[in-house]
Structure formats: C-alpha cells, structure tokens
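Below are the chains, spelled out letter by letter.
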Amino acid sequence: MHRVGSAGNNANASRPRKERRLTYVLRDSNDSKHCSGVNCLILPGVDAPGGGGDGGHYLFSGSRDGTLKRWELGNEGAVCGVTFESHVDWVNDVVVTSNDTLVSCSSDTTLKTWRAYANDGECTRTFRQHSDYVTSLASAHQSNIVASGGLGCEVFIWDLEAAMVPLARASSEAGSEGRYDGFPSGLSVPAERLSTANSTGNASGAMLANSYAPISAKGHKESVYALAMNDSGTLLVSGGTEKAVRVWDPRSGAKQMKLKGHTDNVRALLLDPTGRLCLSGSSDSIIRLWDLGQQRCVHSYAVHTDSVWTLASTPSFSHVYSGGKDLSVYVTDLATRESTLLCTEQQPVLRLTLQGDEWLWVTTTDSALNKWPSQERASLKAFQRASTFVAGSLPFTRARACMDGSAPVALYTHPTSTIPGTAGIVRHSILNDRRHVLTKDATGNVKLWEITRGTVITDFGKVSVPAWFTMDTRLGSISVHLDTPQCFSAEMYAADLHVPGASEELKLNIGQETLRGLMASWMTRRRQRSSITSTAANGDAESGIGEHHPDRRPSSDDSHDDSNSHQPLVLPAFEFSTSSPPSIITEGSQGGPWRKKASELDGSEDEKDLPWWVMDCVLHNRLPPRENAKCSFFLQPCEGTSLQILTQGKLSAPRILRMHKVVNYVLEKLVIDKPLEDSVSETTSTTGRQGSQQAVGNGYGPFRPGSRVWQQPVKPVVEIVCNDQVLPLEMSLATVRAYIWKKPEDLCLQYRTVPNR
C-alpha cells in the first residue's frame, strides 16, 4: 500500500518518503527494576512530599533503559512505586522542582515533565528545543527555573510555571475531548507542528508557539556535559568539552565569566547554596574549587586516578564525595585536603546522592543502586583501619602514590543495602529463520527469544564453566584447539548429559569424553590390531598394547585398555558424525604436524604421531593434575536465625557442586547433636567413569545427603543465600562465585529456614 498524494502537491508526488518506524521493546523480567546503567539519581528535599519523616523518603532514578522510577524508601528496603515511561533513549538527568514537578532529559533530545508524586506515571509535557542529546539539568530549589544543556552546544533556561500556562490554556480551549492540534491532552506538540502552527491557522498551536520560549545562554562552542545552579536561581555554571567552566545569569542568559584550568572535559559541577563557591570534576582526574567572586581556582585536589564523573557535597560544603571511571568513591575535606576512600564499586560510578548526613546512594553502569554509609557513620576503629591521605594538587602525585604501592584501603567493603536491577543485554545474534534471537546479558546469561511472540524459548541460565578449549575459523570451518591440562578443566554431572542409568553423583570430564568420541575409530581399530597381535603372541592380550610406550608407563597400567569393554565406548552426548567426520590436526614426538580424517586413522598411530597425553587419557584413563578443581567457601546461618552454627571452619567442594547438595548437607546436620566436622569435600575418581563418593570433614566418614527419613510435616525448608540473593537449587558453586559473589575472597554462603509451603 502506498500513500496517495493530494492533487495540489503533484510536484512532490514522485519524491520517495521515508515512513516512520515502529519499535517494540521486549523484557522477560519484572518491570519494577532497571535493566541498564543508572545515569541519574535524586532525593528531593525535606520540604517535598515524602521527603521527611521516618521511612517516608522518595528516591527518583533515571536509567539507560529509557525509564525513570520512583522508589519508596522504608525500613524494610526500597519498593518501586511508579515507573515513568515515555523517553525513547537513555535518560541522562533528572531534577524535582519546588512545585513537585519531575523534569527529565534524554538522548532522544527532549525534556519531559511529570507529576512527581502522582501514581499514573504519565508525561505531562515534552519540550523539543534541543538539536542533540540532552545530557544535563540544573534547577533552583526556591523556584521553578530549570536549565538544560546537551551535545548541541546549547543551554536553555526554562521557567516551567510560564511554560505550562499556554498548555493549560490550549487544553481548556480544545473542546470536551481534551484535544488540540491532533494531540491528546497531557502530551506535547512536536516542534515541527509548533513551527507551522501560524501557517496552518491553528489558534491553539499558534498560542503554544508564541506564548513561551526558553532563554538561550548563547556562547558555547562545544558540547555541554554538566550544569549547576544556586538555590535562588541567580547563577548558572556549565562545563563540557571546552575544558572550561562558564558562568551565566540564568535570568537573562548573559555571560559573566569563563574559568580555565582543567586540561580535559568538565564532567561534574556543584555550587554552594550562596553561589560563591563552585566545585568541578574533570576527565583530567582533578577536582577544582573555584571562588567565583575572585574568578579563580583556589584549590585543586588530585584524588582519583581516572576521570571524575560525579560530585556530591555536604550541606555545609565542607566535604565533597566524588566518583568516576576508576570505580572509587572518595570523601575529601575541602579545608584540610584529607581524602579517604569510602568504598569501591565494581563498575564505573555515574552518580552520587546524599541522603541526609548518614547515607550515600551510588549508581554505576550496572543496573543496581547501592546504599553506603557516609563518612559520618564510620566508627573510630573503621577510620583507623582505612587509609587517609592528603590530596595533592597535580595528577602525577596521585598516580605516583599508586605506583609506590600506597593505594588507600576502603572505609567500607559492602553496601548497607542494594536496590537490585536486572542485567542488560550486551550481545545478540539474529538466527537464520529471522524469528529467533540469541542474547547474552551483562552477567553472562544466554537466552533464546522468539521475537514474533516476545517470549523466551530457552533460558540457558548462568553457568560458570572453565574455558577448556579455544577455537578459530581461519580454515573456513570451526577449528577447536585442545591443550593440556586446560582441556581437562571442565566437568559435568552425567545426569545432565542424560546418560542412561547414571547415578546422581557421577561426574564426567568433558575434555576426556570428547577425546574418547574423537578417537573412537582409532580405539576400535587399535583393539582389533592388538587382538590380532595378541593371538599371534599366544594370547598375551595386554603386552601388545604396552609395547608401544614401555618407557612412559609400567606395563601393568596398560590393563586399562580394556577396562571399559563392558561399557559403551562413547557416550551418546559425545558421538561425532560418521557421515562428515572431523579431521584431526596434531603432531607427535617425531615429524611435523599432520592432518587426517578421524575415521581414517588405522590404529597404528602411537606417540610418534599423537601427543602422549592424548594416549594417556584415551587408553589409560589418566588425567594430568588440575588446578582450581575445588572451591573453598564458608557456610553460616543468616543473621537473626535461631539455627545453630554448622561450622566455624572453611569448607571445600568441587566447583560443580550444586546448591541442592548444600541444602541436603544442612538438613543432615540440623539433626546432629555432636560437634560438626570442619570441612566438606567431595571426592571423585579421575577416570570419570568410575563411581564417586562424597565425604564430610577431613576423612571423618561418608556424607549421604538426605539419608535421614523425615516426616513431611516436620522437615524444614532450607534456603541458601549469597549477597542477599536466594540461590537456585541447580546453581553450582562456580556459578555462584562468578555471578553472585563476584569477589576474590573465599565464597560465603548463608542458610536459613522458611515456612513450609
């Protein structure tokens, strides 16, 4: 179907027109969480509704997922009350004005206003004045003045009270349906409609176009990254890629001064309530304190080792909290220059916001919001443990301190609480049927989507498996490289591979089983050759094989050649195609590299042709020693639980041990009155095909999970928790450590009982 042009526009009838796109956004998780980095955060003042009282605070956040959220902060944690959804790109900044209007700006080039404390989450007005991404906002606490700046080298000052008047007037004149110029009430009129309002004769459109326009602070030659305004709205400062701080009169847009000193982009700005002092943070890693009356920099603080992206000051402007690309949050005394590392995040820090004098909210490129104690809550003992240093005035002094090994110790290591987010998708691949998409999120979780239904077909979950192979495609095909001992680093339970009749405890080495499948034809023909040779040598079935490598292993070990004759040679999960068999590229102890189809190996190849470790694995079930095969962890009761402490020692178990086995262990020990043994270990045969046994303690006896017969009404339900997250029963220790714990220290698990379901 084609658009039919009007008769009066024949000149443009043949010109192709680009039709507008429709986009739909799919999410498979709860919409009450952010799913990408949180760019902005604000806690309204105590005068705002919900700003005072115990547990009645509101927190507003804006994210790279295009949404804003209002969080209700209570004693039991934070709850998402409302999601504000209208932006079509990253939300970059947010402010709340004195009349409880929430204002946001976005990379979609717009500003939007919302009723901050309403529960509908509807956008009340959209402003389209900017020509490029809008990166920063600033507001005057004592008025409804808001400034906006962006990558289009523009700064606009908005009087929201005046801007809302023509909208209300036009809406009231639009008729009973509440429409004007073809747009629903409560929504903005696009700029192109405003610019043509007079020519089309639409009165309400003309009123909107002519009644209000923001003040433009003209003079920027490059992008604007940061803005700040004093409480009374009489002073505005801006900074960006010009590497300078510009000062404006927001009432007229007139330039007042330009302060130079930074050597890289200005990324963060703060003004004290009076407008006399200004703090700036820059990509040159320096924080500068400016006296606007003297029009000069009075102090420089070399605290960070990389770009400073955000600043937050105490109400008295005596201390500044700073964060940025180096993942660190510092608090600095502006008078004494003493700096303390408050905490270290796992991702670059995007925004800091103080909640009173006791708490600091931190957002990063991750989707979670972390609440840390402020410096005021630190005990004397904590301060003695943490390092304090005097901030230098030049960047090289901070870099030299790190090179000398004198990096400070953080005051706090764990946030007091966290508002969790969901991991954002970072990679995707569209499959050939153009209906299915494979995605991978920031935590490594892989999912298969059916986009025609907007659902997840398969969730492959979070699984931490060692990198047991490498690969490339130089030959136009998949070339998989196996190196020892790395190729033997990954294990799986046989039950997960659907091995018939396999016990729950049987573990298989993926590399070993893959080699068995790859060398199956060689093994069969080698046995045939060995049988013929043995018959010729009066039935000595074992000596024929052992003669190939007498210098490496005693002949008694060669009995393993036929140890699995009563079992299938290759498990179904590791059977290679016989119609298109793989080619093997390798080299032995003599000669150079060679290549041959695996099905063409005749069984005569030995250590002169094959790596010795391959033959050791396939013929004798011997694997080289492996590092990090086990995971150390602590198992403790959750805080406040009445359960007895199971152990005070460190436990050790295979990396693939699952949480349901830990639950069984806890259940077993809950009914034992004697002291608990010190550690857990699970032993397994290195052959990968022989049975495995689990043991508790240092050889104190076998561990049989769930061996006690429980009465159903009595048996408790146990949960295993890590970092305040309840762990799925099928999750392994390695996966918990990689995706939940995320720390170099030994893993710490906690257990608790919950009411029977």
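Residues numbered from 1 in each chain as written. Predicted model: local features only at pLDDT ≥ 70, side-chain atom pairs only at ≥ 80, totals over all residues. Heavy atoms only, no water.

Observations regarding the overall build of the protein chain
Part 1 of the reasoning: Assigned secondary structure in the protein chain consists of twelve helices and 48 strands.
Part 2 of the reasoning: Of all 757 residues assigned to the protein chain, the portion counted as buried reaches 47%.
Part 3 of the reasoning: The long-range fraction of contacts in the protein chain, counting pairs at least 24 apart against all pairs at least 6 apart in sequence, stands at 52%. (Helix = DSSP H or I, 4+ residues; strand = E, 2+ residues; numbered from the N terminus. Buried < 20%, exposed > 50% of the residue type's maximum accessible area, 1.4 Å probe, protein only. Contact = heavy atoms within 4.5 Å.)

As for the packing of aromatic side chains
Part 1 of the reasoning: Considering all chains together, one arrives at nine aromatic pairs under this definition.
Part 2 of the reasoning: Note on F60 and Y117: the rings are 5.8 Å apart at their centroids and 75 degrees apart in plane angle, and the pair reads as edge-to-face. Taken as a pair, F60 in strand 2 (residues 57-63) and Y117 in the loop between strand 7 (111-115) and strand 8 (123-127) lie far apart in primary sequence, 57 residues in all.
Part 3 of the reasoning: The class of F60 is buried, set by a relative accessible area of 1%.
Part 4 of the reasoning: Ring centres of Y330 and F389 lie 5.9 Å apart, and the angle between their planes is 85 degrees; on these two criteria the pair is classed as edge-to-face. With Y330 in strand 25 (residues 328-333) and F389 in strand 30 (residues 388-390), this residue pair connects regions lying 59 residues apart in the sequence. The same class applies to Y330 and to F389, which are both buried.
Part 5 of the reasoning: One aromatic cluster is present, built from ring pairs that chain together Y58, F60, F84, W114 and Y117. (Phe/Tyr/Trp six-rings, centres within 6.5 Å; stacked < 30°, edge-to-face > 60°.)

Some thoughts on helix 10 (residues 612-620)
Part 1 of the reasoning: The buried fraction of helix 10 is high, at eight of nine residues.
Part 2 of the reasoning: With its phi angle positive at about 55 degrees, N621 sits one or two positions after the end of helix 10.

Observations regarding the environment of H304
Part 1 of the reasoning: Mapped onto the elements, H304 comes out in the loop between strand 22 (296-302) and strand 23 (308-313).
Part 2 of the reasoning: Sequence spacing of H304 and S328 is 24 residues, and the spatial spacing of their C-alpha atoms is 7.7 Å.
Part 3 of the reasoning: A polar side-chain atom of H304 sits 3.0 Å from a polar atom in the side chain of D326. (Polar contact = N/O pair within 3.5 Å; in protein donor to acceptor, adjacent residues only side chain to side chain.)

Notes on the side chain of Q355
Part 1 of the reasoning: With respect to the helices and strands, Q355 occurs in strand 27 (residues 349-355).
Part 2 of the reasoning: Residue classification places Q355 among the buried residues on the basis of a relative accessible area of 14%.
Part 3 of the reasoning: In this structure the side chain of Q355 is engaged in a polar contact, spanning 2.7 Å, whose partner is the side chain of W361.
Part 4 of the reasoning: In contact with Q355, not counting residues within four places along its chain, are L43, H57, L73, W361 and K371.

Quick look at the side chain of H660
Part 1 of the reasoning: Along the polypeptide, H660 turns up in helix 11 (residues 659-669).
Part 2 of the reasoning: Classification of H660 as buried rests on a relative accessible area of 15%.
Part 3 of the reasoning: The residues contacting H660, other than those within four sequence positions of it, are E504, L729 and E730.

Regarding the sheet that holds strand 22
Part 1 of the reasoning: A sheet is described by the order of its strands in space; here four strands give the open sequence 19-20-21-22, paired in antiparallel fashion. Each edge of the open sheet is held by one strand with a lone partner, namely strand 19 (266-271) and strand 22. Taking the axes of each pair of neighbouring strands and ignoring which way they run, one obtains an average angle of 20 degrees across the sheet. (Pairing = 2+ DSSP bridges. Axes fitted to C-alpha atoms, helices over the stretch in contact; angles between N-to-C directions.)

A short note on the sheet that holds strand 31 (residues 417-419)
Part 1 of the reasoning: Spatial ordering of the open sheet is given by 27-28-29-31, a layout of four strands whose pairing is antiparallel. The two strands at the open ends of the sheet, each matched to only one other strand, are strand 27 and strand 31. Between one strand and the next, the sheet's axes are offset by a mean angle of 25 degrees, whatever the strand orientation.
Part 2 of the reasoning: The pairing of strand 27 with strand 28 (residues 359-364) spans six bridges and is antiparallel. Bridged to L354 within strand 28 is L360.

A look at the pairing of strand 29 (residues 369-373)
Part 1 of the reasoning: Of all five residues in strand 29, five are buried; the element is thus mostly enclosed.
Part 2 of the reasoning: Side chains L369, K371 and P373 of strand 29 all project onto a buried face; the interleaved residues N370 and W372 project onto the opposite face, where all are buried too.
Part 3 of the reasoning: Pairing of strand 28 with strand 29 involves five bridges; the strand directions are antiparallel. Looking at strand 29, one finds that L360 is bridged to W372.

A short note on the pairing of strand 28
Part 1 of the reasoning: Strand 28 sits mainly inside the fold: six of its six residues count as buried.
Part 2 of the reasoning: Going residue by residue along strand 28, you find W359, W361 and T363 tucked away on one face and L360, V362 and T364 tucked away on the opposite face as well.
Part 3 of the reasoning: Counting the residues in the hairpin turn of strand 27 and strand 28 gives three residues, including G356, whose phi is positive at 65 degrees.
Part 4 of the reasoning: Between the antiparallel neighbours strand 28 and strand 29 lie four residues.

Considering the confidence of the model for the protein chain
Part 1 of the reasoning: Averaged over every residue, the pLDDT of the protein chain is 79; the share at 70 or more is 75%.
Part 2 of the reasoning: Low confidence marks residues 173-210, where pLDDT is under 50. Its contacts with residues over four positions away, or in another chain, come to 51 contacts. (pLDDT = per-residue confidence, 0-100.)

Quick notes on the environment of E154
Part 1 of the reasoning: Inspection of the secondary structure puts E154 in the loop between strand 10 (145-150) and strand 11 (155-159).
Part 2 of the reasoning: A relative accessible area of 18% places E154 in the buried class.
Part 3 of the reasoning: It is 8.6 Å that separates the C-alpha atoms of E154 and K221, two residues lying 67 residues apart in sequence.
Part 4 of the reasoning: Contact partners of E154, with chain neighbours within four places excluded, come to H130, S131, D132, S148, G149 and V224.

Comments concerning the environment of M523
Part 1 of the reasoning: Mapping M523 onto the fold places it in helix 8 (residues 520-536).
Part 2 of the reasoning: Residue M523 is classed as buried on the basis of its relative accessible area, which comes to 5%.
Part 3 of the reasoning: Once you skip the residues sitting within four places of it in the chain, M523 turns out to touch L569, V618 and L619.

Considerations on the nonpolar core
Part 1 of the reasoning: Of all hydrophobic cores here, the largest spans 26 residues; its most connected members are I720 and L749.
Part 2 of the reasoning: Looking at this core, the element that brings in the most residues is helix 11, giving six residues. (Core = buried A, V, L, I, M, F, W, Y, C linked by side-chain atoms within 4.5 Å.)

Considerations on unusual backbone geometry
Part 1 of the reasoning: Backbone torsion omega between T484 and P485 reads 5 degrees, so that peptide bond is classified as cis.
Part 2 of the reasoning: Turning to its location among the elements, P485 is positioned in the loop between strand 37 (479-481) and strand 38 (491-493).
Part 3 of the reasoning: A positive phi angle, close to 70 degrees, is found at L327, a residue other than glycine.
Part 4 of the reasoning: Within the secondary structure layout, L327 lies in the loop between strand 24 (319-324) and strand 25.
Part 5 of the reasoning: Residue classification places L327 among the partly exposed positions, given a relative accessible area of 25%.

As for the pattern of salt bridges
Part 1 of the reasoning: As enumerated under the stated definition, the model contains 17 salt bridges in all.
Part 2 of the reasoning: We note a salt bridge from R516 to E513, for which the minimum N-O separation is 2.9 Å. Of this pair, R516 and E513 both sit in helix 7 (residues 510-518), three residues apart, roughly one helical turn.
Part 3 of the reasoning: Residue R516 is classed as buried on the basis of its relative accessible area of 6%.
Part 4 of the reasoning: Across the salt bridge formed by R622 and D616, the nearest N and O atoms sit 3.0 Å from each other. The exposure classification of R622 matches that of D616, with both residues buried.
Part 5 of the reasoning: Through salt bridges that share partners, E242, R246 and K258 make up one connected network. (Salt bridge = Lys/Arg side-chain N within 4 Å of Asp/Glu carboxyl O.)

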